[in-house]
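# Understanding the architecture of this molecule
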Amino acid sequence: MRSRYEFPYPPAETRERYPFHRLEFERRSNDAMASRAVDFHAEMDARRSVRMLSDEPVPVRLIELAVTTASTAPSGAHQQPWQFVAVGDPAVKAEIRRAAEEEERINYEEGRMPERWQNELAPLGTDWHKEFLAIAPWIVVLFEERYGIRDDGSKRHHYYVKESCGIAAGMFITALHHMGLATLTHTPSPMAFLSRLLGRPENERPFVLFPVGFPVEDCEVPTLHRKPLGDVLTIL
């Protein structure tokens, strides 16, 4: 079926100034698409946030592949405003744990986290102890690039930074689960210590932290239920 567009893309003048190529796209039957979708949903529905990660080594190549996949995410003006920092050094991981636990201890025990928030977290059984940060073989920190730096040192404005990083983070989690690794999203608040410990430049800000590894044997997770489709989808 050929759709009629009044204003086809790309405009002729844009094609003359910038490179374009024909999209490679495989068409599948409705049945094939549904089958793939059902299988993929079943795979992703088994994904869980894991807080008991083992110290079993994970090849750095797997981290590289997950970041490569995450970097296929769409981004505002295709500026890809993210930087992934993978930490495998035990000493640095220990420093991250100490700093994160201090912030979380204040959150949980000194009132920085309101009671209503702690009540919502109660079924998850979380507290300020974050041993997984030192035990997991990798910590991957996603930094958002608030602005870019051109070769001449001038600033380049970035657009939709948080939205872009959020999509990349989701694709990173998906890639890890698909290959057989476990992780969880950890956002100790505040997170400025990560910039200091990891020596990041001024234009970067911590967005989310992922400990990555394999679950320990007999790992347990909370019994949770995802919202049914009718609660998350409206069709007009």
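The structure under discussion appears in the preceding block.
Scoring rules and cut-offs
Position labels on residues start from 1 in each chain and follow its written sequence. Given that this is a predicted model, residues contribute local features only at a pLDDT of at least 70 and side-chain atom pairs are listed and counted only at 80 or more, while totals for whole chains, interfaces and linings are drawn from all residues. Hydrogen atoms and water are omitted, and side-chain values are computed over all heavy atoms in the structure. Under the DSSP-based scheme used, a helix requires at least four consecutive residues in state H or I and a strand at least two consecutive residues in state E, with every element numbered from the N terminus. Any residue under 20% of the maximum accessible area for its type is buried, any over 50% is exposed, and the rest in between are partly exposed; the area is computed with a 1.4 Å probe on protein chains only. Contacts: residue pairs with any heavy atoms within 4.5 Å of one another. For every accessible area listed, the method is Shrake-Rupley and the probe measures 1.4 Å; residues are considered covered only by the protein chains on display. Here Asp and Glu are counted as negative and Lys and Arg as positive; His is not counted, and neither are the chain ends. Think of each charge as sitting on NZ of Lys, CZ of Arg, CG of Asp or CD of Glu. One less than the residue count of a helix, multiplied by 1.5 Å, gives the span that helix is expected to have. One side-chain nitrogen of Lys or Arg within 4 Å of one carboxyl oxygen of Asp or Glu is enough to make a salt bridge. Polar contact criterion, stated in full: a pair of N or O atoms within 3.5 Å, where within protein one must be able to donate a hydrogen and the other to accept it, and residues adjacent in sequence count only if both atoms are side-chain atoms.

## Overview of the overall build of the protein
Counting its regular elements, the protein contains nine helices and six strands. Dimensions of the protein along its principal axes, counting C-alpha atoms only, are 60 × 50 × 40 Å. In the protein, which comprises 236 residues, the share counted as buried stands at 33%. Counted over contacts in the protein with a minimum sequence separation of 6, partners at least 24 positions apart contribute 80%. Total accessible area on the protein is roughly 16,300 Å²; 53% of this is exposed by carbon and sulfur atoms. Treating the 29 positive side-chain charges of the protein as one cloud and the 35 negative ones as another, the clouds have centres 7 Å apart.

## Some points on helix H7 (residues 161-179)
The end-to-end C-alpha distance of H7 is 27 Å, a good match for the 27 Å that 19 residues give at a rise of 1.5 Å each. Along H7, the positions that sit buried rather than exposed are Val161, Ser164, Cys165, Ala168, Ala169, Phe172, Ile173, Ala175, Leu176 and His177. Positive backbone phi, approximately 110°, marks Gly180, located one or two places after H7.

## What to know about the pattern of salt bridges
Under the counting rule described, the total for this entry stands at 13 salt bridges. Three or more residues are tied together by salt bridges with common partners; here these are Glu102, Arg105 and Glu110.

## Regarding the side chain of Ser164
Here Ser164 shows up in helix H7. Setting aside residues up to four positions removed in sequence, Ser164 forms contacts with Pro74, Ser75, Gly76, Pro81, Trp82 and Tyr159.

## Here's the deal with helix H4 (residues 90-109)
In this model H4 runs 27 Å from its N-terminal to its C-terminal C-alpha over 20 residues, within 8% of the 28 Å that 1.5 Å per residue would give. Listed in full, the buried residues belonging to H4 are Lys93, Ile96, Ala99, Ala100, Glu101, Glu103, Glu104, Asn107 and Tyr108. Packing partners of the buried residues in H4 comprise strand S1 (82-87), helix H5 (115-121), helix H6 (132-135), strand S2 (138-145), helix H8 (192-197) and strand S6 (204-213). Where H4 begins, one side-chain oxygen reaches toward the backbone nitrogen of Ala91, 2.8 Å away; that side chain belongs to Asp89. Backbone geometry just downstream of H4 places Gly111 in the positive-phi region, at approximately 85°.

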